[in-house]
Each structure stands twice: as C-alpha cells, then as structure tokens.
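One letter stands for each residue in the lines below.
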Amino acid sequence: PLASPQETLMGKYGEEAKLIYELQDQGGELLALRYDLTVPFARYLAMNKITNMKRYHVAKVYRRDNPATTRGRYREFYQCDFDIAGQFDPMIPDAECLKIVHEILSDLQLGDFLIKVNDRRILNGVFAVCGIPESKFITTCSTVDKLDKMPWEEVRSEMVGEKGLSPEAADHIGEYVQLHGGLDLIERLLQDPKLSQNKLAKEGLGDMKLLFEYLTLFGITGKISFDLSLARGLDYYTGVIFEAVLLQQENDHVEESVSVGSVAGGGRYDGLVGMFDPKGRKVPCVGVSIGIERLFSILEQRVKASGEKVRTTETQVLVATPQKRLLAARLKLISELWDAGIKAEMLYKKDPKLLKQLQYCEDMGIPLAAIIGEQELTDGVVKLRDVATREEVRM
C-alpha cells in the first residue's frame, strides 16, 4: 500500500527519516507515504510468511525533500526495485543484483558509469579498530556517506564538530575510507594487522573477495570499484552495499552537463523482515533500486542537446478529409481502423483544412494519412499518403 502506519516506516532509515512524508492524523490513525519499495516489501514477506521470493516492482515513492527537477529529484518519483529474498549461499544473489544494474546501465547507453561496492561489516570493522563506540556507528556511517558530495576536510570536521569523535579517530577513519580498488585492495586489507583481527571486517572482506570472484566470471569487474567511502545512509543494510554513479561526460555541445549523482543503489538487508514478524523470524534479502526519473532527466537532456525530434505518439495513421461535411466518413473509417487494432487519430474538428491535417502529421511524426474525400467515397476507395515522401496510393 502507498500509505503505511507511521511506525512501520520509523526507525528504518536513519537520518533520512526526516524526509518521510507524514500525513495528518486521520481519525486516530497516523499514516505516512512510502519512502521506498524495500520496507513495504519486507513487511509483505513477514505478513504472508514468505521465505523465498524473487521479484521486481516499479512504483511511486514519496520524499518530502527540496525538489530539484533539472537533476531529476522530485517529491513523487518512480523507483524500480529488484529483490531476492531467501536463504542462499553467500554472494550468489548479490552478484546477480550487480549484474542486473550493469546490464541496465549498459543497455540504456547513458555513457560511462561506475558501480561502487562496499560492505557494512567492513565499515563497522573500520570504525571499531579506529576506536569509535558502537553507539556511534550509524551516525558516523551517515557522515561518511557524504564523501561523494563533500571533500574529506568537511566530512572530518562534521565528525569531530557535530558527531563528537576525537580528531585522532577521525584521521584514522580517513586513512581507510579514502581507499578504493579491486581484488588487490581486498587482499591488502585482509593482511591489514588491525582489520584482520576484527571478526566483522574479516567476514565482510571474505565475502567481498568471493563477490569479486563471481563478478569476474560475469565479466563486469571493469565497471566495479570496491570503495570504502561508500556508506549509504539507510539503517537497514547489514552486509554488501552498492551504488551506481554516472561519470561526467566532457561534451563540447552540452553547455551545462547534468550531474545526477547516484542512479541506482542497494544492498543486503537481512534483519528487516524480522522486524515485522511477530516471532522475529528472519529472511535474508538483497536488492537494488533504479531511480527511473534520474535516468529520464539525463536522457531528456541528451535529446535536447542533440536537437533530434522525439516522437511522442505511436499513432500509425491520421484519418483526414479534404472537403467539408465529411466528418461522418472520418468517424466510420477511424472506427474500422480501431476495431482492426490499428493506432489511428483524427482532428477533433468538423471541417478541418487538409493542409492543417497534413501539418499535424508532420508535427507529431505520424507516418501515414488515410484521405477520404467525395471522389473516394463514390469510388469506394481510400487514398493512403506517405507523409514523408508525399507518395499516394488508392486502395
């Protein structure tokens, strides 16, 4: 459902919860609009006692954010989610989720992209070896998450100034979160004297190594970076996390290139279903969400820059008449075409001028005009005109 009880959504999103669209008291019922498709999915699995499911879902979600429509940020927007729920061997479904993101971004030909991958357990291990108390893991996480938008200096000052970490701890974190690479980096961190002593980090790095082996088999590691600065602000992630970003095109003909930031994100959330199950039964889940409007804003800007015309209708033929008092003929013919499953249109005027009708075909990119005048009616034919070449055949 679009609206959920507020308590269903609260406590799942961390600092981002301030963007939840709460509705006023509805006769004693406090409701909120869904913030994403993940939490409702987890609730659905718990309510219906489903322990195994693979599904995709395209639907609207709501965030009470400051809209920036040029960057594809809205208060009401579509997400496309793909999730795999169930108990499986490590990293096989996770690798498939990354394969899907890679496939979508490649097929849409949006230019160069990068999928950053990290693991909450590695991050928590880093925090632990840097001497951060566990109570501050989640807030530190949401600060680290800002590294893609702010330089390290600003992130560091937020850690020390607002989050109350010691400058030494912040510097220590800085040494780790600025690292990114591939299998070589994973191997290096597995040898790291401090991290390798931390149970969580070791588990996370072991799984990350496995993940990269599967991604190598899928042939997609070229676009994937193990990035320790990736944190994703949401509370519900428990393991692997990932985010896809489009890399800036250096085009000459685009005056302002759009930086849309993240276009897809996801990860593993093994504890979420259990939150909704009265007995706390857990169902491991991993999923990914594609931001459809974000992708649209890039595609739209690209079309605008190229100056090409986009056809906004699928109409195959316009039914037109050259003389007056022929509305009845048009209505009869268009009805026959519709019944035959042909996509047809006509102008909503009793006596339109032929030039206007043909101009409409040009403007809308309609390829054919079926012209029926007094002579055609007498002869029992229709004149079919190819709008682009102006060739005509009687049939």
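The numbering scheme is per chain: residues are counted from 1 as the chain's sequence reads. Whole-chain, interface and lining totals are the exception, using all residues; otherwise, since this is a predicted model, local features are given only for residues with pLDDT of at least 70 and side-chain atom pairs are given and counted only at 80 or more. Where side-chain values are given, they derive from all heavy atoms of the structure, hydrogens and water being excluded.

Participant: Summarise the packing of aromatic side chains; cite the residues concerned and give the values.
Facilitator: Two aromatic rings, drawn from Phe, Tyr or Trp (for Trp, its six-membered ring), form a pair once their centres lie within 6.5 Å of each other, and the interplanar angle then sorts them: stacked below 30 degrees, edge-to-face above 60, tilted otherwise. One pass over the structure, following the stated rule, counts 5 aromatic pairs. Between Tyr-13 and Tyr-35, the aromatic rings sit 4.5 Å apart at their centres with planes inclined by 50°, giving tilted as the arrangement. Linking Tyr-13 in the loop between helix H1 (6–9) and strand E2 (31–33) with Tyr-35 in the loop between E2 and helix H2 (38–47), this pair joins segments that are 22 residues apart in sequence. Assigned by exposure class, Tyr-13 and Tyr-35 land together as buried. Ring centres 5.9 Å apart and planes at 65° place the aromatic pair Tyr-13 and Tyr-236 in the edge-to-face group. Here a helix means four or more residues in a row that DSSP labels H or I, a strand means two or more in a row labelled E, and each is numbered from the N terminus. Note on exposure labels: buried denotes an accessible area under 20% of the residue type's maximum, exposed denotes more than 50%, and partly exposed covers the range between, all computed with a 1.4 Å probe on protein chains only.

Participant: So what about the sheet that holds strand E7 (residues 224–227)? Which residues, and what values?
Facilitator: One open sheet accounts for 8 strands, arranged E3-E4-E10-E9-E8-E5-E7-E6; its pairing is mixed. Each having just a single partner strand, strand E3 (53–62) and strand E6 (180–181) make up the two edges of the open sheet. Note on pairing: DSSP must find at least two bridges between two strands before they are called paired. Two strands pair when backbone bridges link them, and strand E8 (residues 240–246) and strand E9 (residues 262–268) are joined in this way by 5 bridges, in the antiparallel orientation. Bridge pairing in E9 links Ile-241 to Gly-267.

Participant: Talk me through the side chain of Ser-297; I want residue IDs and the actual numbers.
Facilitator: Here Ser-297 shows up in helix H11 (residues 292–306). Two N or O atoms count as a polar contact when they lie within 3.5 Å, although within protein this holds only if one can serve as hydrogen donor and the other as acceptor, and sequence-adjacent residues are included solely when both atoms are side-chain atoms. In terms of polar contacts, Ser-297 uses its side chain to reach the backbone carbonyl oxygen of Arg-294, at 2.8 Å.

Participant: Give me helix H13 (residues 354–364): which residues, what numbers.
Facilitator: Every buried residue belonging to H13 is among Gln-357, Leu-358 and Cys-361, and all of these are buried. Across the axial projection of H13, the buried residues extend over an arc of 95°, all falling on one side. The exposed residues of H13 that point more than 90 degrees off its buried face are Leu-355 and Lys-356. Residues are treated as being in contact if the distance between any of their heavy atoms lies within 4.5 Å. Where H13 is buried, its residues touch strand E11 (317–320), helix H12 (327–339), strand E13 (368–371) and strand E14 (383–386). Each C-beta atom gives one direction from the helix axis, and the arc is the one those directions make.

Participant: A description of the side chain of Asp-36 should follow, citing residues and the corresponding values.
Facilitator: With respect to the secondary-structure elements, Asp-36 resides in the loop between E2 and H2. Buried charge without a partner: Asp-36 forms no salt bridge, and the closest opposite charge is Arg-63, 5.0 Å away. Of the polar contacts made by the side chain of Asp-36, one reaches the backbone nitrogen of Thr-38; its length is 3.2 Å. For Asp-36, the residues in contact, after removing those within four places along its chain, are Tyr-13, Val-61, Arg-63, Gln-79 and Tyr-236. Charged residues are defined here as Lys and Arg on the positive side and Asp and Glu on the negative side; His and the ends of the chain fall outside this count. Salt bridge, as used here, is a side-chain nitrogen of Lys or Arg placed within 4 Å of a carboxyl oxygen of Asp or Glu.

That is the geometry; function is a separate question.
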